[in-house]
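Listed here are the chains, written in short residue letters.
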Amino acid sequence: MNAKENLSQGVRAEAPVASPEQKETWGSDAIAAMLRSLEIPYLALNPGASYRGLHDSIVNYLGNTRPQMLLCLHEESAVAIAHGYAKVTDRMMGAVVHSNVGLMHASMAIFNAWCDRMPMLVLGATGPWDAAKRRPWIDWIHTASDQGALVRDYTKWDNQPASVPAAYEALLRAAQIANTAPRGPTYINLDAGLQEAKVGELPRLPDAKRHRPPDPVRPGAHLVEAAAKLLSGAKHPVILAGRVSRSQAAWKERVALAEKLQARVFTDIKLGAAFPTDHPLHAAPPATFLPPDAAQLLRGADVVLALDWVDPAGVLKQVWGAEPVGAKVIQVSPDAHLHRGWSMDYQGLPPVDIYMMCEPDAVVPLLLDAVKPRTSAVTSKPALPPNSTPDVVSIRTLAEALNAATADMEICLTRLPLGWNGAYRDFRHPLDYIGSEGGGGVGAGPGITVGAALALKGSGRLPVAIMGDGDFLMGNNALWTATHYGIPCLILLANNRSFFNDELHQERVAKERSRPVENRWIGQRISGPDIDLAMMARAQGAEGIGPVTKVAELAPAIQKGLRMAQGGAVCVVDVRVAPGYDTNVSSSGAGQKR
Ligand SMILES: Cc1ncc(C[n+]2csc(CCOP(=O)(O)OP(=O)(O)O)c2C)c(N)n1
Ligand SMILES: [Mg+2]
């Protein structure tokens, strides 16, 4: 499917009655017109008086279309929805949040999008900057000097324009910067005074086409040549396939490059699918941390091509420890363009022999042309051992039931729980899986799922999330936005009734200190009472199935959920899984946390 074409599919509209013809326009009308010129398809928002001017302009000046508003019950959902939308389409939509308080609610989701390098336009507002125009009390508490400072360390750019022409330019620049790799959120703070000022005739709009993001940067020919030489002469080349687009053409080029080089390919469960996991060259199931056998395999590499891998230094350290890295490293990543001082999400500094500060999608075709084919017999990889407890409802039995039920269906996994083992299901298409939230902020799952489902609506590919109960409980009010606007999706809850990841941490600490491991559940378990998660879904107009407690109930429940979602419903299945992980989600050693 082409998610870009899907914009025309639309979602349920909230159509305003027509406004009378008016000569007069207001500042916020001009801002709304600029948003339309920028082809922002949707604005996910939670309302507030600080942007009542813009709100009116979207409804009454633009007729609530292009962009269309999507009402959200929490700012964190609004931003997570924009995040999920970008993950599927590689395109930006908007989120609007109210003054300082809305921005505070939004901040974790903005951080997630930042770490995930996903573009979005976050619009905010402030009580009139002109103190003489402020209403008593409320406009004062909702006005902050330098509001952008709240999110400056995890946005690419922010601005508070003081006039309509300045707002035009700010929006153009924000869109251009957000959509230039490495992509990320930008924030524009719209002064209530500016929004509500009469501006007479609409000030002439600049031509958005003349402010588009630049073409992808290509590496110098000498770098391509040098990299191709290294790769072609390698005995054991390895590709670390990291942040890449959802383009199917780029996917095919990566496969062709790996095949031409007979290179082993690693992928990362934190990121969207980057390479077919059932391909003989795919080295090991995608994981949060490299499993020991995969690290062993990587140790045999003499040339490593890192395609915007999230943490190349970390992986190399895992493999070579304190020794010098034994392979030549070709780094393909524009990421350092946004490395700054506050957040360490830039990870360790990898040793690099050839550095192309470009996006993988721009480099892979050049390398594909330049490398010489290698022949090499690739050994087969170990299969997952059979499920030793098929009679227990676990994440694995859930995965097996889902796989059986979707054998002939195109689905998009929009969320995976922490305990997921990358071998549970193969990815064969860039939209088979869109990756994690990026910033480790729990609660992103529901919003990202709804945003992804918005982008996938009408595409024939069904959004399916498998989600922890903790993640669901923190962000589940995003469901209402999905039911309200008719955005179908299926959420399967891997409900272990616990913030279980952290039970494991308490267990590690207890062992380290020779204290009772039995106490690991205290302050972690979400039971007594058990929360009826299916009812939380039904309360928001979604279908709620479960709790499913027996293996025999699992397949019918999943089939029913799939049918309902295919029929247009938002459906949640509460699957009570046994606590336990089949994968390493915390790396090793003391001081590790997630
Ligand atoms: C906003 C936020 N709060 C707390 C954490 C710490 N944390 C990491 S995983 C986790 C548990 C998530 O629970 P759930 O989604 O049910 O998955 P489970 O651990 O049970 O597999 C918590 C609380 C976090 N990463 N983000
Ligand atoms: Mg849990």
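Our structure is the block above this text.
Keep in mind it's a predicted model, so treat the numbers as computed, not measured.

Draft legend 1. Inspection of the overall build of the protein at higher detail. For the protein, the helix and strand inventory stands at 19 helices and 18 strands. In terms of C-alpha radius of gyration, the protein reaches 25 Å, essentially the compact-globule figure of 25 Å for 594 residues. Taken over the C-alpha atoms alone, the protein extends approximately 75 × 65 × 50 Å along its principal axes. Taken across its 594 residues, the protein has 54% of its residues classed as buried. Here the analysis covers contacts within the protein between residues at least 6 apart in sequence; of these, 81% occur between residues at least 24 apart. Here the protein displays about 24,800 Å² of accessible surface, and carbon together with sulfur accounts for 53% of that area. A gap of 2 Å separates the mean positions of the 58 positive and 58 negative side-chain charges of the protein.

Draft legend 2. Just the coordination of the magnesium ion (ligand 2), in detail. The magnesium ion (ligand 2) binds to the protein through Asp469 (OD), Asn496 (OD1) and Ser498 (O), with metal-donor distances spanning 2.0 to 2.1 Å. Counting along the primary sequence, the residues that act as donors to the magnesium ion (ligand 2) give the motif D-x26-N-x1-S. Pair check on accessibility: Asn496 and Ser498 agree, each one buried.

Draft legend 3. How the structure looks around the site of ligand 1. Of all residues adjacent to ligand 1, which total 18 residues, the nearest are Gly440, Asp469, Gly470, Asn501 and Tyr581. Here ligand 1, which alone exposes 580 Å², has 81% of that area covered by the protein. Put simply, the parts of the chain that give the shell around ligand 1 at least two residues each are α15 (469–475) and α17 (500–512). At four residues, α15 tops the list of elements feeding residues into the shell around ligand 1.

Draft legend 4. Spatial organisation of α17. When the terminal C-alpha atoms of α17 are compared, their 19 Å separation across 13 residues agrees well with the 18 Å that a helix rising 1.5 Å per residue should span. Burial in α17 covers these residues: Phe500, Asn501, Glu503, Leu504, His505, Glu507 and Ala510. Of the residues trailing α17, Ser514 is marked for its positive phi of about 55 degrees.

Draft legend 5. Quick peek at the side chain of Asp345. Along the chain, Asp345 turns up in the loop between β12 (328–332) and β13 (354–356). Residue Asp345 is classed as buried on the basis of its relative accessible area of 14%. At a separation of 2.5 Å, a polar atom in the side chain of Asp345 contacts the side chain of Ser343. Leave out the neighbours within four places in its chain, and Asp345 touches Trp114, Cys115 and Arg117.

Draft legend 6. Geometry of the sheet that holds strand β16 (residues 489–495). The five strands are arranged β14-β15-β16-β18-β17 in an open sheet whose pairing can be described as parallel. Lying at the two open borders of the sheet, with one neighbouring strand each, are β14 (411–415) and β17 (543–548). Adjacent strand axes in the sheet meet at a mean angle of 20 degrees, parallel and antiparallel pairs treated alike. Note: strand β15 (residues 462–468) against β16, five bridges, orientation parallel. Following the sheet pairing, Met467 is matched in β16 by Leu493. Helix α13 (residues 395–405) contacts β14, β15, β16 and β18 (570–576) of the sheet and is inclined by roughly 155 degrees relative to β16.

Draft legend 7. Spotlight on the environment of Leu562. Assignment of secondary structure puts Leu562 in helix α19 (residues 551–566). Placed 368 residues apart in sequence, Leu562 and Leu194 show a C-alpha to C-alpha distance of 48 Å. Not counting residues within four places of it along the chain, the set of residues in contact with Leu562 comprises Ala405, Thr406, Met409, Leu462, Val464 and Leu490.

Draft legend 8. Region of the structure containing the sheet that holds β13. The parallel open sheet is built from five strands, whose spatial order is β10-β9-β11-β12-β13. Looking at the sheet topology across the chains shown, the edges are occupied by β10 (264–267) and β13. Between one strand axis and the next, the sheet turns by 15 degrees as a mean value, whatever way the strands run. The pairing of β12 with β13 spans three bridges and is classified as parallel. Pairing of Gln331 across the sheet is with Tyr355, part of β13. Lying on the sheet, helix α8 (residues 221–232) is in contact with β9 (237–241), β11 (303–307), β12 and β13; it crosses β13 at an angle near 130 degrees. Of the strands in this sheet, β11, β12 and β13 are in contact with helix α12 (residues 360–370), which crosses β11 at around 140 degrees.

Draft legend 9. The pairing of β16, seen in detail. Most of β16 is tucked away, with seven of its seven residues classed as buried. Here β16 shows a buried face lined by Cys489, Ile491, Leu493 and Asn495 and a second buried face lined by Leu490, Leu492 and Ala494. Pairing of β16 with β18, which is carried by seven bridges, proceeds in the parallel orientation. Bridging across to β18, Leu492 finds its partner in Val573.

Draft legend 10. Spotlight on the packing of helix α1 (residues 27–37) against helix α6 (residues 164–178). At a minimum axis separation of 10 Å, α1 and α6 run at an interaxial angle of 25 degrees. Considering their axes alone, α1 and α6 lie roughly parallel with respect to each other. Between α1 and α6 lies a crossing whose hand is right-handed. Counting all contacts with α1, which are made through Gly27, Ala30, Ile31, Met34 and Leu35, the residues of α6 involved are Val164, Ala167, Tyr168, Leu171 and Leu172.

Draft legend 11. Local environment of helix α9 (residues 248–261). Helix length check: α9, at 14 residues, gives a terminal C-alpha distance of 20 Å against a target of 20 Å (1.5 Å per residue), a fit within 8%. Those residues of α9 lying buried are Ala250, Trp251, Arg254, Val255, Leu257, Ala258 and Leu261. Each buried residue of α9 sits inside an arc of 160 degrees when the element is viewed along its axis, so together they form one side. Elements in contact with the buried residues of α9: α8, β9, β10, β11 and α12. With a side-chain oxygen positioned 3.2 Å from the backbone nitrogen of Ala249, the residue opening α9 is Ser247. A positive phi of about 50 degrees marks Gln262, the residue just after α9.

Cut-offs used in this document
- Residues numbered from 1 in each chain as written.
- Chains lettered and ligands numbered in written order.
- Predicted model: local features only at pLDDT ≥ 70, side-chain atom pairs only at ≥ 80, totals over all residues.
- Heavy atoms only, no water.
- Helix = DSSP H or I, 4+ residues; strand = E, 2+ residues; numbered from the N terminus.
- Rg over C-alpha atoms; globule rule 2.2 N^0.38 Å.
- Buried < 20%, exposed > 50% of the residue type's maximum accessible area, 1.4 Å probe, protein only.
- Contact = heavy atoms within 4.5 Å.
- Areas by Shrake-Rupley, 256 points an atom, 1.4 Å probe, with all protein chains shown as cover.
- Lys, Arg positive; Asp, Glu negative; His and termini not counted.
- Charge placed at Lys NZ, Arg CZ, Asp CG, Glu CD.
- Donors = N, O, S within 2.8 Å, 3.2 Å for Na, K, Ca; no water.
- Near = heavy atom within 4 Å.
- Expected span 1.5 Å × (residues − 1).
- Polar contact = N/O pair within 3.5 Å; in protein donor to acceptor, adjacent residues only side chain to side chain.
- Pairing = 2+ DSSP bridges.
- Axes fitted to C-alpha atoms, helices over the stretch in contact; angles between N-to-C directions.
- Parallel < 35°, antiparallel > 145°, perpendicular 65-115°, else oblique.
- Left-handed = near helix turned anticlockwise from the far one by under 90°.
- Arc of directions from axis to C-beta.

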